[in-house]
Amino acid sequence: MTNEALIPKLKTIIAPYIQDEEAFKNLTVDTDFVNDLKINSANLVDIILDIEDEFDIRLENEDMEKMLDVKSAIAIINTKLKA
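In this report, the structure presented in the accompanying data block is examined. Model, not experiment: these values are computed from the prediction. (Residues numbered from 1 in each chain as written. Predicted model: local features only at pLDDT ≥ 70, side-chain atom pairs only at ≥ 80, totals over all residues. Heavy atoms only, no water.)

Moving on: the overall build of the chain. Scanning the chain from terminus to terminus reveals five helices and zero strands. Secondary structure elements of the chain, listed N to C terminal, follow the sequence α-α-α-α-α. Relative to a compact globule of 83 residues, whose C-alpha radius of gyration would be 12 Å, the chain shows 12 Å and is just as compact. In terms of principal-axis extent, the alpha carbons of the chain reach across some 35 × 25 × 20 Å. Within the chain, the fraction of its 83 residues that count as buried is 40%. Intrachain contacts of the chain at a sequence separation of at least 6 include 48% that bridge at least 24 residues. By element, 49% of the accessible surface of the chain is carried by carbon and sulfur atoms, the whole surface being about 4,900 Å². In the chain, 9 positive and 18 negative side-chain charges are present, and the distance between their average locations comes to 4 Å. (Helix = DSSP H or I, 4+ residues; strand = E, 2+ residues; numbered from the N terminus. Rg over C-alpha atoms; globule rule 2.2 N^0.38 Å. Buried < 20%, exposed > 50% of the residue type's maximum accessible area, 1.4 Å probe, protein only. Contact = heavy atoms within 4.5 Å. Areas by Shrake-Rupley, 256 points an atom, 1.4 Å probe, with all protein chains shown as cover. Lys, Arg positive; Asp, Glu negative; His and termini not counted. Charge placed at Lys NZ, Arg CZ, Asp CG, Glu CD.)

On to unusual backbone geometry. Unlike most non-glycine residues, Lys38 shows phi in positive territory, near 60 degrees. Note that Lys38 resides in the loop between helix 2 (21–25) and helix 3 (41–55). The backbone of Asp56 shows a phi angle near 55 degrees, a positive value even though the residue is not glycine. Of note, Asp56 is situated in the loop between helix 3 and helix 4 (61–66).

The next subject is the nonpolar core. Among the nonpolar cores identified, the biggest contains 26 residues, and Ile14, Phe33, Leu37, Ile39 and Ile51 are the most heavily contacted of them. For this core, the secondary-structure elements that each account for two or more residues are helix 1 (3–14), helix 2, helix 3 and helix 5 (70–82). Setting aside residues no more than four positions away along its own chain, Ile39 makes contact with Ile14, Tyr17, Ile18, Phe33, Val34, Leu44 and Ile47. (Core = buried A, V, L, I, M, F, W, Y, C linked by side-chain atoms within 4.5 Å.)

Another point: helix 5. Spanning 13 residues, helix 5 covers 18 Å between terminal C-alpha atoms, matching the ideal 18 Å at 1.5 Å per step. Regarding helix 5, the residues found buried are Val70, Ser72, Ala73, Ile74, Ile76, Ile77 and Asn78. For helix 5, the capping residue at the N-terminal end is Asp69, with a side-chain oxygen 3.4 Å from the backbone nitrogen of Lys71. (Expected span 1.5 Å × (residues − 1). Polar contact = N/O pair within 3.5 Å; in protein donor to acceptor, adjacent residues only side chain to side chain.)

Moving on to the packing of aromatic side chains. According to the stated counting rule, one finds zero aromatic pairs in the structure shown. The positively charged end of Lys11 is found above the aromatic ring belonging to Phe24, 5.1 Å away from the centroid. (Phe/Tyr/Trp six-rings, centres within 6.5 Å; stacked < 30°, edge-to-face > 60°. Lys NZ or Arg CZ within 6 Å of the ring centre and 35° of its normal.)

With respect to the helices and strands, the residue Asn78 is situated in helix 5. Among the residues examined, Asn78 registers a relative accessible area of 13% and is labelled buried. A polar atom in the side chain of Asn78 sits 3.1 Å from the backbone nitrogen of Met1. In contact with Asn78, other than residues within four places in its own chain, are Met1 and Leu6.

This is the structure in structure tokens:
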């Protein structure tokens with residue numbers, strides 16, 4: 001799945017948890033979930049669970065630890081979708 005197709009889906013998943021509206025409006029592949037969007041670790045877990053549901057994939061602990069920004073989320077989702 002392309003970045004252009006994934007980013008809108010990720011934005012929908014992330015939207016309920018963001019704390020910085022301006023950073024969310026300017027979301028790019030380089031946006032960091034914690035530092036830019038001010039998402040706390042508990043909400044990051046919720047986002048990961050929502051990603052699993054949305055894309056019908058299973059994320060392992062090492063995937064979750066790496067999923068700190070939009071770019072890594074896209075890479076992990078694409079890897080899981082191809083598996």
